[in-house]
Amino acid sequence: MAPARDTTRKMIGAGLLTWLVPGAGHWALGHRNLATVFFLAISFPYWTGLAIGGIKNQVNPWSNPWLFLAEMGAGGYTSICLIVNQLAGDLDPRNLADPKYLSKVSPQQRAEFLKYMSYYPESDVSQIYLATAGLLNILAILDALSRAQTGQPTFDQQIAPAGSRP
């Protein structure tokens, strides 16, 4: 029973590390080159999408919950951005989900908000980048879990015949 328990701990650790920082779980498992590839392939589109779209309207669970759910695949990044979103500027991101909210605020508050926001088509491109990065990190998490369990890449596993134990 001890090996299964060690495998479970290793899987939880690798999955959680990868969720927090893309590639970190692979790095901890000793797959350094793959960890670097995952880190770059996920971090670049995430931070590029955020730079294009602005933090106020892109990392906002109240204005676009489905996009935010996809972004949470890169949970460490999205959690930090959500905290920054709450602290940046005087505008509450919950209120920004209401399209008429900006017409109710002062011109100074509107100008403050506009520093953190983008519009079509930049906003759509940003959403695609952020969602893709989050969903790609979910695949990296699954790969890290598989590697932690077997010690091998997912595509390299042998299927055991029925009735036999690996």
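Our subject is the structure that appears above.
Below, the structure is looked at part by part. None of these values were measured; they are calculated from a predicted model.

Brief notes about the packing of aromatic side chains
Counting across every chain of the model gives 3 aromatic pairs. Taking 5.2 Å as the distance between ring centres and 80° as the angle between the ring planes, the aromatic pair formed by Tyr46 and Trp47 counts as edge-to-face. Since its relative accessible area comes to 0%, Tyr46 is described here as buried. Between the aromatic rings of Tyr46 and Tyr77, the centroid separation amounts to 5.4 Å while the plane-to-plane angle is 50°, which identifies the pairing as tilted. On the criterion of sequence distance, the pair formed by Tyr46 in helix α3 (residues 32-53) and Tyr77 in helix α6 (residues 75-87) is long-range, its members being 31 residues apart. Of the two residues examined, Tyr46 and Tyr77, each falls in the buried class. Members of the aromatic cluster, connected to one another through ring pairs, are Tyr46, Trp47 and Tyr77.

Digging into the nonpolar core
One broad rule of soluble globular proteins: the nonpolar side chains tend to lie buried together. Ile42, Tyr46, Leu50, Ile55, Val59 and Cys81 are the most contacted members of the largest nonpolar core, which totals 13 residues. Secondary-structure elements contributing two or more residues to this core are α3, α6 and α8 (122-150). When residues in this core are grouped by element, the largest group, 4 residues, is from α3. In contact with Tyr46, not counting residues within four places along its chain, are Val59, Glu71, Ala74, Tyr77, Thr78, Cys81, Leu130 and Ala133.

Here we look at the environment of Ile52
For Ile52, the location among the structural elements is in helix α3. Along the sequence, Ile52 and Val125 sit 73 residues apart, while their C-alpha atoms lie 7.7 Å from each other.

Quick notes on the rules
Residues numbered from 1 in each chain as written. Predicted model: local features only at pLDDT ≥ 70, side-chain atom pairs only at ≥ 80, totals over all residues. Heavy atoms only, no water. Phe/Tyr/Trp six-rings, centres within 6.5 Å; stacked < 30°, edge-to-face > 60°. Buried < 20%, exposed > 50% of the residue type's maximum accessible area, 1.4 Å probe, protein only. Helix = DSSP H or I, 4+ residues; strand = E, 2+ residues; numbered from the N terminus. Core = buried A, V, L, I, M, F, W, Y, C linked by side-chain atoms within 4.5 Å. Contact = heavy atoms within 4.5 Å.

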